[in-house]
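# Overview (structure and organization)
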Amino acid sequence: MAATFMQSTLGELQMGQTVEQYERDGYCIADEQIAPDDVLEKALQGMVAVRDGKFDMELPPTEHPGYDPDVLCKINNPHRSDTGLYGLVTCPQVGRKVAEITGAQRVQVWASQLLIKPPGSATAGHVGWHQDRQYWRMWQQDEGLFTVWIALCDVGEELGPMRFVRGSHRWGFLDQGNFFDKDQHKLREDIAVPVDETWEEVSALMPLGGLSVHHCLTYHGSNANVSDAARWSLAVHLRDERAVPVPGDQGYYTAHLDDPQICPVMYEA
């Protein structure tokens, strides 16, 4: 049977934030506020400050392209630059939820991205279909690597939410797709979906303070923001106790694992 394409609503897929769901689907969506109000308030203040180039910690982001209201803005590692964003990535409630979903005994931050999708940015706001593993070759294996995506605003369908391909982590590392390519249709056609598998997209809809967790092999991307408000989020890249760097790797993302400001432990049993 050839691969088929399906779409599902979030309501059809809400089965509880469990390890079983994460292992089956390759993602899990917690569509309720996880972080406390005070943590979120400081993070919201911090995201605006970082966008505007203001940092209250000594290290700037590793990459800050400046804010252009016509394109998707990606600021790398802002958690090391702002106390509000650092407080969010080290929030105990967030850490416990991530561990509950993944079954991890230890969760460590090794990177983050502040993502701002302006209204009216059209295809310039797209994130192309990809597997995170394509960009994470500094780690030895796939297991134990995942991302928590934290909503810093209410995320409805019109804001261009992240979309997961259900069960695609079970397809293995295909090394196909491109985060930076804006042509979603062509990308999807070029990805070799295994025979008898289904391309089923699910939108990650959630309120301010909600979060999703996805496996590093789960295909995901997002479409245009057609609302009149910006979509704000913090993507935090994580490893559990199983994930170890490639021997001899000297890159930034594995060089600071012993530095709690750059790579804090989010959760430990």
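Residues numbered from 1 in each chain as written. Predicted model: local features only at pLDDT ≥ 70, side-chain atom pairs only at ≥ 80, totals over all residues. Heavy atoms only, no water.

## Side note on the nonpolar core
With 37 residues, the main nonpolar core has Leu88 and Val94 as its most contacted residues. Excluding anything up to four places from it in sequence, leucine 88 contacts Ala35, Val39, Leu40, Ala43, Val94, Ile150, Leu152 and Leu234. One finds Ile29, Val155, Leu159 and Ala204 within the second-largest nonpolar core, a separate group that totals 14 residues. (Core = buried A, V, L, I, M, F, W, Y, C linked by side-chain atoms within 4.5 Å. Buried < 20%, exposed > 50% of the residue type's maximum accessible area, 1.4 Å probe, protein only. Contact = heavy atoms within 4.5 Å.)

## Section: the pattern of salt bridges
Within this structure, the stated rule accounts for 14 salt bridges. Across the pair arginine 24 and aspartate 25 runs a salt bridge, and its minimum N-O distance is 3.2 Å. Accessibility expressed as a relative area gives 35% for arginine 24, which makes it partly exposed. In this structure, arginine 133 engages aspartate 142 in a salt bridge whose closest nitrogen and oxygen atoms are separated by 2.6 Å. Classification of aspartate 142 as partly exposed rests on a relative accessible area of 23%. Because the salt bridges share partners, they merge into one network encompassing Arg24, Asp25, Arg166 and Glu200. (Salt bridge = Lys/Arg side-chain N within 4 Å of Asp/Glu carboxyl O.)

## With respect to the environment of serine 168
Within the element layout of this structure, serine 168 appears in the loop between β7 (162–165) and α6 (184–190). When the C-alpha atoms of serine 168 and tyrosine 219 are compared, they prove to be 6.0 Å apart, with 51 residues separating the residues in sequence. Those residues in contact with serine 168 that lie beyond four places of it in its chain are Asp25, Leu217, Thr218 and Tyr219. (Helix = DSSP H or I, 4+ residues; strand = E, 2+ residues; numbered from the N terminus.)

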